[in-house]
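Each chain is listed here by its residues.
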Protein chains: 2
Amino acid sequence: MNNKKLIKIGLFGFGTVGHGLYQLLHRVPEASLVISRVCVRDVTRHQEETPELIFTSNPREVLDDPEINLIVELIDDADAAYRIVTDALRRRLPVVTGNKKMLAHHLPELIELQKEMKTPLLYDASACGSIPVIRNLEEYYDNDLQISVKGILNGSCNFILSKIFNEGMDHAESLRLARELGFLESDPTLDLDGWDSLFKLVILAMHAFGVYVEPEKVFCYGITHMNDHDIRFAREKGRRFKLLGLAEKLPDNRLTLSVLPHLISRNKFIYSCEDEFNGVVIKGLFYGKQFLVGRGAGGHPTSSAVLSDISAIRYDYFYRYKRMECAGPLPQFSNDISFRAYVRYNTEDDLDLMQFEEIYERYVSDDYHYAVGRLNLRRLLDIREHLAERKIFVAAYPPD
Amino acid sequence: MNNKKLIKIGLFGFGTVGHGLYQLLHRVPEASLVISRVCVRDVTRHQEETPELIFTSNPREVLDDPEINLIVELIDDADAAYRIVTDALRRRLPVVTGNKKMLAHHLPELIELQKEMKTPLLYDASACGSIPVIRNLEEYYDNDLQISVKGILNGSCNFILSKIFNEGMDHAESLRLARELGFLESDPTLDLDGWDSLFKLVILAMHAFGVYVEPEKVFCYGITHMNDHDIRFAREKGRRFKLLGLAEKLPDNRLTLSVLPHLISRNKFIYSCEDEFNGVVIKGLFYGKQFLVGRGAGGHPTSSAVLSDISAIRYDYFYRYKRMECAGPLPQFSNDISFRAYVRYNTEDDLDLMQFEEIYERYVSDDYHYAVGRLNLRRLLDIREHLAERKIFVAAYPPD
C-alpha cells in the first residue's frame with residue numbers, strides 16, 4: 001500500500017525556512033528525498049556554509065534540470081515567486097510554496113493553471129505555519145456547513161499583545177522586544193498593519209468557502225495605532241486585544257472578511273492563545289467549534305509544514321478546491337456588514353466621518369475620547385487612509 | 001480533477017451518531033451519497049419514526065445487498081462490531097467505524113486485513129469525535145519526529161471536572177448533573193475509570209508512533225476515587241485536575257502510555273479546555289506543540305467526523321500506517337517509567353505497597369493523608385485492583 005516516489009527537490013530560497021527544511025531532512029533522513037539544487041541570490045556565502053548542497057543564482061539551472069521533479073519555493077519576493085511558481089507548473093513540475101502574498105494575489109489563476117497542467121501546487125505553510133488549517137478545511141471539514149474561520153494569523157502581533165496583557169509591558173517596550181527577538185520584519189507594517197494576516201485570510205476563505213476575495217476589497221486595520229488608553233480600556237473590561245482575521249458566512253449566504261483587533265473576553269478559546277502562537281477557530285453547523293493552535297512562524301515549524309506538503313505530493317495529493325464546486329450558490333462577498341466596535345478618536349469630525357449606525361457609549365476627557373457603537377465595514381474600507389493618518393484606533397467589541 | 005463515486009451506505013446502528021449522520025446528510029444533500037439500508041435491533045420503532053429509510057434486523061440483508069458499496073458501523077457492542085467490520089472487509093466493502101473499544105483490541109489484525117483485502121477501514125470518529133487527530137497524525141505530522149500525544153480524550157470526565165473547578169460544584173453534584181444531561185453511560189465506569197480514554201489512546205499511539213500496545217498493558221486510573229480533599233489540594237496549588245491519556249516517546253526510544261488524572265497548571269493549553277470538549281496536544285521535534293480542541297462526543301460532531309471519513313473513502317483515501325514502516329527501529333513500549341505523583345492514601349500499608357521511589361512531601365491529619373513522590377507505572381499496573389478497592393486516589397503532579 002506504499003508508493004513512495006524518489007523526490008529530487010529544486011529549492012528556491014535558503015532563508016530561515018529553506019535552511020530549516022535542510023536541517024529537518026538531515027534529522028529525518030529519507031533516502032527517497034533529496035535537495036538537488038538550491039537557487040539563491042548570494043551563492044558564495046551559502047556555498048561556503050553548506051558545501052554539501054549545490055547552489056546557483058540562475059533559476060534556469062533549477063527549472064531546466066531534468067532530474068528535478070519537485071519545486072519548493074521559499075523566497076521573500078512575491079513577484080519573483082509568482083514567476084517561478086507559474087513557470088514550474090507550466091513545465092508540469094509540482095510546487096510547494098509558502099508565499100502568502102503571492103498566493104493571496106494570484107489564487108484563481110494558480111487554481112486554473114493547476115487544473116490545466118494537471119500539476120499540484122500545495123501551500124499549507126503559507127497560513128499559520130505548522131497548523132494544518134488548509135489541509136483540514138480541504139479534506140476534513142469539507143462536507144459540513146462551514147460558518148466561520150477566525151483566528152490569530154500573525155505571531156508577531158500576538159507576541160506583542162501577549163507581552164502587554166500578560167507581563168504589563170507598555171506598547172513601545174513590547175515593540176522593541178519583538179524587534180530585538182527578530183519577530184518583526186525590517187518593514188514591520190506588514191505584521192502590525194495586518195497585511196500578513198489579510199493574505200492568510202484570503203487563502204483560508206478560498207478553502208473554507210470556495211470564494212476568492214481580492215485583498216484590496218477587505219478592510220484591514222492592525223495594532224499600529226493602539227495606545228495605552230486602549231490597553232487600559234481592555235484591562236478594565238477584563239478583555240485582551242487580539243488581532244484577528246475573520247471570514248464568516250451570514251445566514252443570507254453573504255460572506256464577510258475583515259482583519260482588525262478584537263476585544264476578546266476570557267471565556268473565548270482565543271483569549272488564551274499567547275506569545276508567538278497562532279490559533280484558529282473553525283465553526284461548522286454540525287461539528288460545532290474546532291480550535292487549532294500551533295507555532296505560526298519560525299524556520300522549523302514552517303519547514304515542518306513544507307515537508308508535510310512535499311510528502312503529500314509524493315502520495316499524489318492535490319487540493320481539490322471542493323468548496324468551489326459544491327451544490328448550491330456560492331456565498332457572495334459583501335462589505336455591507338455592521339459590527340459593534342470600540343473607537344478611540346480625536347475630534348467630533350472623526351466621529352462624523354465614521355458614520356456610526358448607532359452609538360451606544362461615549363467617553364470624553366482631556367486626552368482620551370472613545371465611542372462604542374455600530375460601524376459599517378464598507379465605510380471603514382473607504383476611509384482607511386484617513387483613519388491611519390489621524391491615528392484613530394478601531395477594534396471589534398462583541399457583546400458579552 | 002474530481003472523481004466522485006456514487007456511495008450507497010449500509011448503516012449499522014441508528015443511535016445518537018447514526019441518527020446524526022442521517023440528519024447531516026439531510027442538511028447537506030448529496031445526490032451521490034445515500035443510506036441504502038439500516039440494520040438495527042428494533043426495526044419497528046425506527047421504521048415508524050423514519051419511514052423514508054429501509055430498516056432490517058438482519059445483518060446479512062445489508063452485507064449481501066449488491067448495491068451497497070460502503071459499510072458504516074455505529075453500534076455499541078464491540079464484539080458484534082468486530083464481526084460486522086471483518087465480514088465487510090473480507091467482502092472488500094470499505095468500512096467507516098467509530099467503535100474505539102473494538103479497534104483498541106483488534107487493530108493489528110484489522111490493519112493486516114485491510115492490506116490483504118486492499119480495502120480501507122477509516123475510524124477518525126473513534127478518537128476525539130470531531131477533532132481530526134488520527135488524520136493529522138497520519139497525513140500531516142508523518143515526517144516529523146513525534147515526541148508525544150497527550151490529551152483530554154473523554155468529554156464526560158472533562159465536563160464533571162469543569163463543573164467542579166469552574167462552578168464550585170462538589171464531586172457528587174457534578175456527577176448527578178452529568179448523568180442528568182446524558183453525558184454519562186448507563187455504566188459510567190467506562191468514562192470515569194478511564195477505559196474510554198485508554199481505548200482512544202491505544203488508537204492514537206498506533207498512528208503517532210507505529211506501535212500497538214494492548215490496552216491491558218497500560219496503567220489506567222480515572223477520577224472515580226477523587227474526593228473533596230483532592231479537589232481542595234488542586235485549588236490550593238492553583239491547578240485543575242484533568243483526566244489525560246498520554247503517549248510519550250523517551251529519548252532512549254522507549255514508549256510509555258498511561259491514563260490518569262493530572263494536576264494541570266494554568267500556563268498549560270489543556271488547563272483551559274473545558275466542559276464536554278476534548279483537547280489534544282501533539283508535540284514534534286520541529287513543529288513544536290500543536291493543540292487541537294473540539295467536541296469529542298455527541299451525535300452531530302461525531303457524525304460530522306463519520307461523514308469526513310465517508311467522503312475520504314470516496315476519494316480513495318486509506319490509512320497508510322506510515323509510522324509502522326519508518327526507517328530505524330520502532331519505539332519499544334515500556335512501563336518502567338517513574339513520574340511525580342500526588343497520592344491520597346489511607347494507611348502506612350498503602351504507602352509501602354505503592355513502593356515510592358522517592359517521597360518529597362507527606363501530609364497527615366485525622367481524615368486526610370497524602371504524599372507527593374515518584375511512582376513507577378509498572379508497580380501501579382500490578383496493584384491497580386488494590387488501589388481501587390482501597391479508594392486510593394493517584395494523579396500525575398508534574399513540577400511547575
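This text goes with the structure placed above it.
Note that the coordinates shown come from a computational prediction; the quantities given were computed from them, not determined experimentally.

With that settled, consider the overall build of chain A. Within chain A, the secondary structure is distributed over 15 helices and 17 strands. Seen through its principal axes, chain A has C-alpha atoms that stretch 70 × 50 × 35 Å. Buried positions account for 62% of the 400 residues belonging to chain A. Nonlocal contacts in chain A, meaning residues at least 24 apart in sequence, comprise 73% of its contacts between residues at least 6 apart. Looking at chain A as shown, the accessible area adds up to about 15600 Å², and 48% of this sits on carbon and sulfur atoms. If the 49 positive side-chain charges of chain A are averaged to one point and the 58 negative ones to another, these points end up 4 Å apart.

For the rest of this paragraph, the subject is the interface of chain A and chain B. Taken together, the 52 residues of chain A in the interface contact 52 residues of chain B. Across the chain A-chain B interface, the total number found is zero salt bridges. In this sheet, strand S12 (residues 288-295) of chain B lies alongside strand S12 (residues 288-295) of chain A in antiparallel orientation, the contact comprising five bridges. Pairing of Gln290 of chain A across the sheet is with Gly294 of chain B, part of S12 of chain B.

A few words now on helix H11 (residues 228-236) of chain B. Residue and element names in this part refer to chain B. Of all the positions in H11, only His229, Asp230, Ile231, Phe233 and Ala234 are classed as buried. Measuring from the side-chain oxygen of the N-cap residue of H11 to the backbone nitrogen of His229 gives 2.8 Å; that N-cap residue is Asn227. Of the residues trailing H11, Gly238 is marked for its positive phi of about 70°.

Residue and element names in this part refer to chain A. Structurally, Cys128 can be placed in the loop between strand S6 (121-122) and helix H6 (133-139). The spatial distance from the C-alpha of Cys128 to the C-alpha of Gly296 is 4.4 Å, given a sequence separation of 168 residues. The contacts of Cys128, once residues within four sequence positions are left out, are Val133, Leu153, Lys200, Asn278, Val280, Arg295 and Gly296.

Attention shifts here to the sheet that holds strand S5 (residues 95-97) of chain A. All names here are of chain A. Ordered in space as S3-S2-S1-S4-S5-S6, the six strands form an open sheet in which the pairing is parallel. Of all the strands in the sheet, just strand S3 (55-56) and S6 have a single pairing partner and so form its edges. With three bridges connecting them, strand S4 (residues 70-73) and S5 associate as parallel partners. Within S5, the residue paired with Ile71 across the bridge is Val95. Lying over the sheet, helix H4 (residues 78-90) contacts strand S1 (7-12), S4, S5 and S6, oriented at roughly 170° with respect to S4. Docked against the sheet, helix H12 (residues 299-314) engages S1, strand S2 (33-39), S4, S5 and S6, running at close to 165° with respect to S5.

All names here are of chain B. Strand order across the open sheet formed by six strands is S3-S2-S1-S4-S5-S6, with parallel pairing between neighbours. The open sheet is flanked by strand S3 (55-56) and strand S6 (121-122), the only strands paired with a single partner. Taken strand by strand, helix H12 (residues 299-314) contacts strand S1 (7-12), strand S2 (33-39), strand S4 (70-73), strand S5 (95-97) and S6, and its axis lies near 165° from that of S5.

Turning to unusual backbone geometry, a few remarks are in order. With a phi angle near 50°, Tyr321 of chain A is a residue other than glycine that sits in the positive phi range. Inspection of the secondary structure assignment puts Tyr321 of chain A in the loop between H12 and strand S13 (332-333). On the basis of relative accessible area, Tyr321 of chain A is assigned to the buried category, the value being 3%. Notably, Cys128 of chain B is not glycine yet its phi reads approximately 70°, a positive angle. Relative accessible area serves as the criterion here: at 0%, Cys128 of chain B is assigned to the buried category.

All names here are of chain A. If you check helix H5 (residues 100-117), its first and last C-alpha atoms are just 22 Å apart, much less than what 18 residues at 1.5 Å a residue would give, namely 26 Å. Approximately 80° is the largest bend angle found in H5, and it occurs at His106, with the proline Pro108 only one to four residues beyond. Those residues of H5 not exposed but buried are Met102, Leu103, Ala104, His106, Leu107, Leu110, Ile111, Leu113, Gln114 and Met117. Residues of H5 that are buried make contact with S4, H4, S5, S6 and helix H10 (195-209).

What the rule picks out here adds up to zero disulfides over all chains. Between Cys220 of chain A, a free cysteine, and Cys157 of chain A, which holds the nearest cysteine sulfur, the sulfur-to-sulfur gap is 9.7 Å.

With that settled, the discussion passes to the relation of the copies chain A and chain B. When chain A is fitted to chain B, the best match, at an RMSD of 0.0 Å, comes from turning it 180° and sliding it 0.0 Å along the axis. Taken together, the rotation and translation describe the operation of a two-fold axis. In terms of proximity to the rotation axis, the leading residue of chain A is Leu292 of chain A, whose C-alpha is 2.3 Å off the axis. Interface residue correspondence from chain A to chain B reaches 100%, placing this contact among same-surface, isologous pairings.

For the rest of this paragraph, the subject is the nonpolar core. Membership of the largest hydrophobic core comes to 227 residues, with the highest contact counts inside it found for Ile310 of chain A together with Ile310 of chain B. When sequence neighbours within four positions are dropped, the list of residues in contact with Ile310 of chain A reads Ile7, Ile9, Leu21, Leu33, Leu70, Val72 and Val96 of chain A. Among the nonpolar cores identified, the runner-up in size contains 22 residues, and Phe269 of chain A together with Phe269, Val281 and Phe291 of chain B belong to it.

All names here are of chain A. Taken as a whole, this structure holds 47 salt bridges over all chains when the rule is applied. A salt bridge links Lys200 to Asp196, with the nearest nitrogen and oxygen atoms 2.7 Å apart. Here Asp196 and Lys200 lie together in helix H10, a separation of four residues that amounts to about one turn. Overall, the relative accessible area of 4% leaves Lys200 in the buried class. Across the pair Glu276 and Arg295 runs a salt bridge, and its minimum N-O distance is 2.9 Å. Taken as a pair, Glu276 in the loop between strand S10 (254-265) and strand S11 (277-284) and Arg295 in strand S12 lie far apart in primary sequence, 19 residues in all. We classify Glu276 as partly exposed; its relative accessible area is 23%. Arg295 gets classed as partly exposed once you look at its relative accessible area, which sits at 24%.

Attention now goes to the side chain of Asn154 of chain B. All names here are of chain B. Looking at where Asn154 falls in the secondary structure, it is placed in the loop between strand S7 (146-152) and helix H7 (155-167). A relative accessible area of 3% means that Asn154 is categorised as buried. Polar side-chain contacts of Asn154 include one of 3.1 Å to the backbone nitrogen of Ser156. Side chain to side chain, Asn154 and Asp196 meet in a polar contact 2.9 Å long.

Our next topic: the environment of Tyr363 of chain B. Residues and elements named next belong to chain B. With respect to the helices, strands and loops of the structure, Tyr363 is situated in strand S15 (residues 358-364). Considering only alpha carbons, one finds Tyr363 and Arg344, 19 residues apart in sequence, at a separation of 9.4 Å. Leave out the neighbours within four places in its chain, and Tyr363 touches Tyr345, Tyr368, His369 and Tyr370.

Let us now look at the pairing of strand S14 (residues 338-345) of chain A. All names here are of chain A. With seven of eight residues buried, S14 lies mostly within the body of the structure. Of the strand pairs in this sheet, S14 and strand S17 (residues 393-396) are connected by four bridges, and their pairing is antiparallel. Bridged to Val343 within S17 is Val394.

The subject of this paragraph is the packing of aromatic side chains. Under the counting rule described, the total for this entry stands at 41 aromatic pairs over all chains. For the pair Phe233 of chain A and Tyr370 of chain A, a centre-to-centre distance of 4.7 Å together with 70° between the ring planes defines the contact as edge-to-face. On the criterion of sequence distance, the pair formed by Phe233 of chain A in helix H11 (residues 228-236) and Tyr370 of chain A in strand S16 (residues 369-376) is long-range, its members being 137 residues apart. Residue Phe233 of chain A shares its accessibility class with Tyr370 of chain A, and that shared class is buried. Their ring planes at 85° and their centres at 6.0 Å tell us that Tyr317 of chain B and Tyr319 of chain B sit as a pair that is edge-to-face. Note on Tyr317 of chain B: relative accessible area 14%, which makes it buried. Judged by relative accessible area, which is 0%, Tyr319 of chain B ranks as buried. Taken together, the ring pairs in this structure connect Phe165, Phe233, Phe241, Tyr342, Tyr363, Tyr368, Tyr370, Phe393 and Tyr397 of chain A into an aromatic cluster. Directly above the aromatic system of Tyr397 of chain A lies the positively charged group of Arg340 of chain A, at a separation of 4.6 Å from the ring centroid.

Reading the values: the criteria
Residues numbered from 1 in each chain as written. Chains lettered and ligands numbered in written order. Predicted model: local features only at pLDDT ≥ 70, side-chain atom pairs only at ≥ 80, totals over all residues. Heavy atoms only, no water. Helix = DSSP H or I, 4+ residues; strand = E, 2+ residues; numbered from the N terminus. Buried < 20%, exposed > 50% of the residue type's maximum accessible area, 1.4 Å probe, protein only. Contact = heavy atoms within 4.5 Å. Areas by Shrake-Rupley, 256 points an atom, 1.4 Å probe, with all protein chains shown as cover. Lys, Arg positive; Asp, Glu negative; His and termini not counted. Charge placed at Lys NZ, Arg CZ, Asp CG, Glu CD. Salt bridge = Lys/Arg side-chain N within 4 Å of Asp/Glu carboxyl O. Pairing = 2+ DSSP bridges. Polar contact = N/O pair within 3.5 Å; in protein donor to acceptor, adjacent residues only side chain to side chain. Axes fitted to C-alpha atoms, helices over the stretch in contact; angles between N-to-C directions. Expected span 1.5 Å × (residues − 1). Bend = angle between axes of the 7 residues up to and from the residue. Disulfide = S-S within 2.5 Å. Least-squares fit on C-alpha atoms with pLDDT ≥ 70 in both. Core = buried A, V, L, I, M, F, W, Y, C linked by side-chain atoms within 4.5 Å. Phe/Tyr/Trp six-rings, centres within 6.5 Å; stacked < 30°, edge-to-face > 60°. Lys NZ or Arg CZ within 6 Å of the ring centre and 35° of its normal.

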